[in-house]
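Secondary and tertiary structure notes
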Amino acid sequence: MRTATLPDHVTGLLIDGNWQPPSGAGWLDVVAPAEGAVFARIAAGTEADVDRAVASARAALSGDWGQLTAVERGRLLGRMVEAVQDHAEELAALEARDTGKPIAQARADLIACARYFEYYAGAADKVHGETIPFLNGHLAATERVPHGVTAHIIPWNYPAQMFPRSVGPALAMGNAVVMKPAEDACLTPLRMADLMIEAGFPAGAINMVTGLGREAGAALSGHPGIDFISFIGSSETGIAIQTAAARNHIGCTLELGGKSAQIVFADADPARLVPTVIAAITQHAGQTCSAGSRLLIERAAMERILPLVAEAFAGVRVVMPGMEGQLGPVINPRQKARVEGYQARAAADGLPVIARGRMSDGLSETGYFVEPQMIGPVPRDNPLAVEEIFGPVLAVIPFEDEADAIALANATPYGLTAGVWTADGARALRVARAMQVGQVFVNCYGAGGGIELPFGGMKKSGHGREKGFEALLEFSTLRTLVIRHD
Ligand code: NAD
């Protein structure tokens, strides 16, 4: 794991098909969260770099890239399936070191990554327009066309998945891409962009500008030369992105935070729900937008089911990336302080800790590890019940009946995902369809998985849909043609 780093030639910014140094003098240190030590550096892209990247993407649209047919774009994306599979171990080790997650999780992320490329490779030539019954002597039709230059800003939690999820559908539709990955973890996206150049993507189709959000990110989202923004990140930054998009009168998709509920009725099957509920809050130390961070449990199930969840939670192990266990550290000292701040506030409020995860022997003393905690019962107005913590903290909140469960599940500003656990099919449907969220799981929980499944939020979790076929529609716009032939 210690040797995982980028090949020497992958350095700086990828603009116009070439790796090049940033125009300013700036470089940023990359810290491995499990080690608390610097192991790489990335370029601090500037406004001038963003300018060059946008110009390169614009030129690609009228150059080789813009000439390709949909099937040819799909074939190029298809080459990335093999490229990712061929480099899976290298990429997984890099992802584990850069994000701190256990290597098993990083390997799973790389499988998902290849699958994104596979899905969008196959879909590239399957987006059709329609004909519309209109006046006699006229043919009216629609066609889907790319936006043009698309800007992509992604977070640090799942860079190996976010990269293909964001650029895959954009490229399939024929856009030219400029990505600003997250400063905290972006090495696998850089390596994958490099593999895309190797796979034959024409210069300018994919450009990568690393750097700080408030500098490179703000310069990209506010650039007058872009035609659409795809943003995945916090609800707070989402406001800045949407404001920047409004100034240029362009569209954007916002995939933001969440406070997702697992709703457990007394008739639910514990054998099925317990491991899933635990994984949904511990995966990547709870730093998952769709983390199931609230366990809403019917009061009648408290005695039978809650002890089983607590027992499994107490078996969760915090590990170094190379070890076997459920979770690693959080991403940086700020995030550690944030999570521990919520835990301290809960303790000060007198909230009982029902179960604690185990810190393994051999954790680096300089890594950003936090103790996983299952806390409850949590009062409904406590910050633990409504705010996104983005850490391994499970808030347990009892409910009385179906109506109470629905009201409680919807009582946060967020609306990303929900899980419903019950043996009663009609109730499962009623509750699922009452959820103000973009994705609901019944007697299962995908925790963001499912490349084929449209994904996105309601309320403060954002708008627009990524993943699945829906993403192809988001990354394109509609042109209507009317041809008179009488
Ligand atoms: P963040 O908003 O701080 O950063 C996300 C990206 O935005 C980074 O690349 C960052 O550099 C950039 N950025 C920051 N400020 C910017 C600005 N002013 N202008 C332009 N770009 C800017 O979020 P984060 O802390 O990296 O990620 C965690 C958040 O992301 C959580 O809220 C999580 O729920 C959310 N998230 C959502 C999804 C989803 O699909 N809904 C997926 C993963 C993460």
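None of the values given here were measured: they were computed from a predicted structure. (Residues numbered from 1 in each chain as written. Predicted model: local features only at pLDDT ≥ 70, side-chain atom pairs only at ≥ 80, totals over all residues. Heavy atoms only, no water.)

**Focus: the packing of helix H1 (residues 47-61) against helix H8 (residues 213-221)**
Taken N-terminus to C-terminus, the directions of H1 and H8 make an angle of 40 degrees; their axes are 9 Å apart at the nearest point. Accordingly, the angle class assigned to the pair H1 and H8 is oblique. Note on packing geometry: the crossing formed by H1 with H8 is right-handed. Between H1 and H8, the contacting residues are Glu47, Val50 and Val54 on the first element and Ala216, Ala219 and Leu220 on the second. Within the contact of H1 with H8, the residues separate by chemical class into five nonpolar, no polar and one charged. (Axes fitted to C-alpha atoms, helices over the stretch in contact; angles between N-to-C directions. Helix = DSSP H or I, 4+ residues; strand = E, 2+ residues; numbered from the N terminus. Parallel < 35°, antiparallel > 145°, perpendicular 65-115°, else oblique. Left-handed = near helix turned anticlockwise from the far one by under 90°. Contact = heavy atoms within 4.5 Å. Nonpolar A, V, L, I, M, F, W, Y, C, P; charged D, E, K, R; others polar.)

**Concerning a nonpolar patch on the surface**
Taken together, the side chains of Phe134, Leu135 and Val482 define a hydrophobic patch exposed on the protein surface, amounting to about 300 Å² of accessible area. Assignment of secondary structure puts leucine 135 in the loop between strand E5 (131-132) and strand E6 (138-146). (Patch = residues over 30% accessible without salt bridge, like charges linked within 9 Å, V, L, I, M, F, W, Y side chains within 5 Å. Areas by Shrake-Rupley, 256 points an atom, 1.4 Å probe, with all protein chains shown as cover. Salt bridge = Lys/Arg side-chain N within 4 Å of Asp/Glu carboxyl O.)

**Observations concerning the domain arrangement of the chain**
By the assigned domains, the chain splits into domain 1 (13-256 + 464-481) and domain 2 (261-449). For domain 1 versus domain 2, the separation of C-alpha centres amounts to 31 Å. With 22 residues of domain 1 in contact, the opposing surface of domain 2 contributes 30 residues. Both faces combined, the contact of domain 1 with domain 2 buries some 1900 Å², and carbon together with sulfur accounts for 56% of it. The three residues of domain 1 that bury the most area against domain 2 are Ala34, Pro102 and Trp156, which together make up 27% of that side's buried surface. Linking domain 1 with domain 2 are zero salt bridges. One can count eight residue pairs in polar contact (both at pLDDT 80 or more) joining domain 1 with domain 2. Broken down by secondary-structure element, the contributors of at least two residues to the side of domain 1 that touches domain 2 are helix H4 (88-99) and helix H5 (103-123). Of all the elements, H4 adds the most residues to the side of domain 1 that touches domain 2, at three residues. Classifying every residue of the side of domain 1 that touches domain 2 gives ten nonpolar, six polar and six charged. (Domains from an automatic or database assignment. Buried area = accessible area lost by both parts, 1.4 Å probe. Polar contact = N/O pair within 3.5 Å; in protein donor to acceptor, adjacent residues only side chain to side chain.)

**Regarding the pairing of strand E3 (residues 27-32)**
Here E3 shows one buried face, formed by Leu28, Val30 and Ala32, and one open face, formed by Trp27, Asp29 and Val31. Note that E3 and strand E4 (residues 37-43) share six bridges and pair antiparallel. Opposite alanine 32, over in E4, you have alanine 37 as the bridge partner. Connecting E3 to the next strand, E4, in antiparallel fashion are four residues, including glycine 36 with a positive phi near 65 degrees. (Buried < 20%, exposed > 50% of the residue type's maximum accessible area, 1.4 Å probe, protein only. Pairing = 2+ DSSP bridges.)

**Thoughts on unusual backbone geometry**
Negative phi values dominate among residues other than glycine, just as trans dominates among peptide bonds. A cis geometry characterises the amide bond from glycine 376 onward to proline 377, with omega recorded as -5 degrees. Among the secondary structure elements, proline 377 is positioned in the loop between strand E17 (373-375) and helix H13 (383-386). Residues other than glycine seldom take positive phi values, yet histidine 284 does so here, at roughly 45 degrees. Considering the arrangement of structural elements, one finds histidine 284 in the loop between helix H10 (270-282) and strand E13 (294-298). Located in the positive-phi region is asparagine 443, a residue other than glycine, with phi close to 55 degrees. Along the polypeptide, asparagine 443 turns up in the loop between strand E21 (439-442) and strand E22 (458-459).

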